[in-house]
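Structural features, examined
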Amino acid sequence: MRKGLFIGINDYTHVSRLSGCSNDAMAMASVLKTDANGDPNFKNIVLTSAEDYLSRAKLEDQIRELFSGDCNVALLYFAGHGGFDAGTDEGMLIPQDYKNAKDGIRISDILNWATKATKIKNKVIILDCCQSGSAGEVRALRSESSVVGEGMTILTACKKEEPAMEGAQHGVFTGLLLQALHGGAANILGKITPGSLYSFVDNALDAWEQRPVFKTNVSQFISLREVSPLIPKEILRKLPDWFGEAESVFPLDPSYEPTEATFDPEHGEVFSQLQKCNRHSLIEPVDAEHMYYAALHSTGCRLTALGAYYRELAIKGHF
């Protein structure tokens, strides 16, 4: 079971209004509800200021409920105002009824609730708000334990004391997350992990923009969403057959190239599959600029480091 709580607050009673947070929460919940093929993914609750009054008490109850029970993944997403209590040196999420620091939902409390949820295997916290980077700092917890408990992943829009910028329709951070979840951060198998989300966002922002923060304490990354594989799995399973060893060279000759008189259709089918692997950097031609010339000049092709990795996964039966 996977469950998600998505919170977006535009309208505040005592602090300035925001514009895109409700849309951010709804869009994130929508994309994570299913995988690209329509299979169910996360079972979601969406709370926005357009539909509810999101007081501190209501939000704390919902977040506690998220991090209770027994499930494989619990994901918290928050878009709204963030704050920082200088008196206690702690970051906060700002609920709709916020007046002063005592009304904030302390990130340290959220991390504690998540850490104590021992029956939930994976806890993912995504924060698109100012000051959100404080979630990754040791002082965020009032104890000697690690901020990032076992099975926990934290992804925030910006570093401590940085603003989280808004775009035309979505926050800058969430806009990039949505691109990533729609396939931009997918690996060869079509899996999108928290790590690949962070890498996608980090690479998209230049050095002068807000910087995302990523903290994790997991033994293995989970897939948050799946899209169509870049290379069909039935082709990836052939890598150990084509390359007996990771360093092997698959011999090519003109019979693999459809334009040549010696063309063999069976070789042509194999060559087409090898070229798909080449397009996604799993295979490279030997002593040639293109696969075409490797066939024409009877050299061959070999695995790249990435190709050797997927060959090993095929041997282990991971797909």
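The following refers to the structure shown.

Reading the values: the criteria
- Residues numbered from 1 in each chain as written.
- Predicted model: local features only at pLDDT ≥ 70, side-chain atom pairs only at ≥ 80, totals over all residues.
- Heavy atoms only, no water.
- Buried < 20%, exposed > 50% of the residue type's maximum accessible area, 1.4 Å probe, protein only.
- Helix = DSSP H or I, 4+ residues; strand = E, 2+ residues; numbered from the N terminus.
- Arc of directions from axis to C-beta.
- Contact = heavy atoms within 4.5 Å.
- Axes fitted to C-alpha atoms, helices over the stretch in contact; angles between N-to-C directions.
- Parallel < 35°, antiparallel > 145°, perpendicular 65-115°, else oblique.
- Nonpolar A, V, L, I, M, F, W, Y, C, P; charged D, E, K, R; others polar.
- Pairing = 2+ DSSP bridges.
- Salt bridge = Lys/Arg side-chain N within 4 Å of Asp/Glu carboxyl O.

**Comments concerning helix α2 (residues 56–66)**
Buried within α2 we find L59, E60, I63 and L66. Taken down its axis, α2 places every buried residue within 120 degrees of arc, on the same side. Turned more than 90 degrees from where α2 packs its buried face, D61 and E65 sit exposed. The secondary structure elements touched by the buried residues of α2 are β1 (2–8), β2 (43–48), β3 (71–79), β6 (105–106), α3 (107–115) and β7 (120–128).

**Digging into the packing of helix α1 (residues 21–33) against helix α4 (residues 172–184)**
Between α1 and α4, the shortest axis-to-axis distance is 10 Å and the interhelical angle comes to 10 degrees. As summarised for this structure, α1 and α4 are arranged roughly parallel, according to the angle between their axes. Residues D24, A27, M28, V31 and L32 of α1 lie in contact with α4, whose contacting residues are T174, L177, L178, L181 and H182. When the residues that make up the contact of α1 with α4 are grouped by side-chain class, the tally is seven nonpolar, two polar and one charged.

**With respect to the sheet that holds strand β5 (residues 90–93)**
Within the open sheet, the three strands sit side by side as β4-β5-β6. Their pairing is antiparallel. The strands lining the two open edges of the sheet, one partner per strand, are β4 (82–85) and β6. The sheet contact formed by β4 and β5 spans four bridges and is antiparallel. Opposite G82, over in β5, you have L93 as the bridge partner.

**Looking at the pattern of salt bridges**
For the structure shown, the criterion picks out five salt bridges. E60 is paired through a salt bridge with R56; the nearest N and O atoms lie 3.1 Å apart. Here R56 and E60 lie together in helix α2, a separation of four residues that amounts to about one turn. Among the residues examined, R56 registers a relative accessible area of 29% and is labelled partly exposed. Residues K102 and D103 are paired through a salt bridge, measuring 3.3 Å at the closest nitrogen-oxygen approach.

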